[in-house]
Amino acid sequence: MGAQHIVELLDHVGVDRAHMVAFSAGGVMGLEALMRYPDRFATAVLLEPWLPREDPAAVEAVNTAGMKAYGKFAEGDLPGAARHWLEAVGGTSFLSCIDV
């Protein structure tokens, strides 16, 4: 549905053909949009599109963390969702890498 949403947004703002820059999971949606709607994009830069090519256990860990974070988001706990995701992918000391 991400690719469809990208094109719906382009339609909504009146853009016939766009330049796309997408990162991580957005890169996956961007890749799908490029394949399904190639005439809607002039150029594309896909930075590290996440593809499930890692060890199956790693893919499962990412999917599990993502679904738990999404559950918190759906409940309205946006800080909890962000914290869960960042701890799952960056470890419990993820804040140490942020310069405050």
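The following refers to the structure shown. (Residues numbered from 1 in each chain as written. Predicted model: local features only at pLDDT ≥ 70, side-chain atom pairs only at ≥ 80, totals over all residues. Heavy atoms only, no water.)

So, the packing of helix H1 (residues 2–13) against helix H2 (residues 25–36)
For the pair H1 and H2, the least separation of the axes is 8 Å and the interaxial angle reads 70°. It follows from the interaxial angle that H1 and H2 lie roughly perpendicular. Taken together, the residues of H2 that come into contact with H1 (itself represented by Gly2, Ala3, Gln4 and Ile6) are Met29, Gly30, Glu32, Ala33 and Arg36. Residue classes in the contact of H1 with H2 are distributed as four nonpolar, three polar and two charged. (Axes fitted to C-alpha atoms, helices over the stretch in contact; angles between N-to-C directions. Helix = DSSP H or I, 4+ residues; strand = E, 2+ residues; numbered from the N terminus. Parallel < 35°, antiparallel > 145°, perpendicular 65-115°, else oblique. Contact = heavy atoms within 4.5 Å. Nonpolar A, V, L, I, M, F, W, Y, C, P; charged D, E, K, R; others polar.)

Describing H2
Because the α-helix completes a turn every 3.6 residues, residues three or four places apart line up on one side. Across its 12 residues, H2 extends 17 Å between first and last C-alpha, which sits within 8% of the 16 Å expected from 1.5 Å per residue. Looking at the buried residues of H2, the elements they touch are H1, strand S1 (18–23) and strand S2 (41–47). (Expected span 1.5 Å × (residues − 1).)

Digging into the packing of helix H3 (residues 56–74) against helix H4 (residues 78–90)
It is at 7 Å that the axes of H3 and H4 come closest, and there the two elements cross at 165°. Compared by their axis directions, H3 and H4 come out roughly antiparallel. H3 and H4 meet at a crossing whose hand is right-handed. Here Val62, Ala65, Gly66, Lys68, Ala69, Lys72 and Phe73 of H3 come into contact with H4, specifically with Leu78, Gly80, Ala81, His84, Trp85 and Ala88. A per-class count over the contact of H3 with H4 returns eight nonpolar, three polar and two charged. (Left-handed = near helix turned anticlockwise from the far one by under 90°.)

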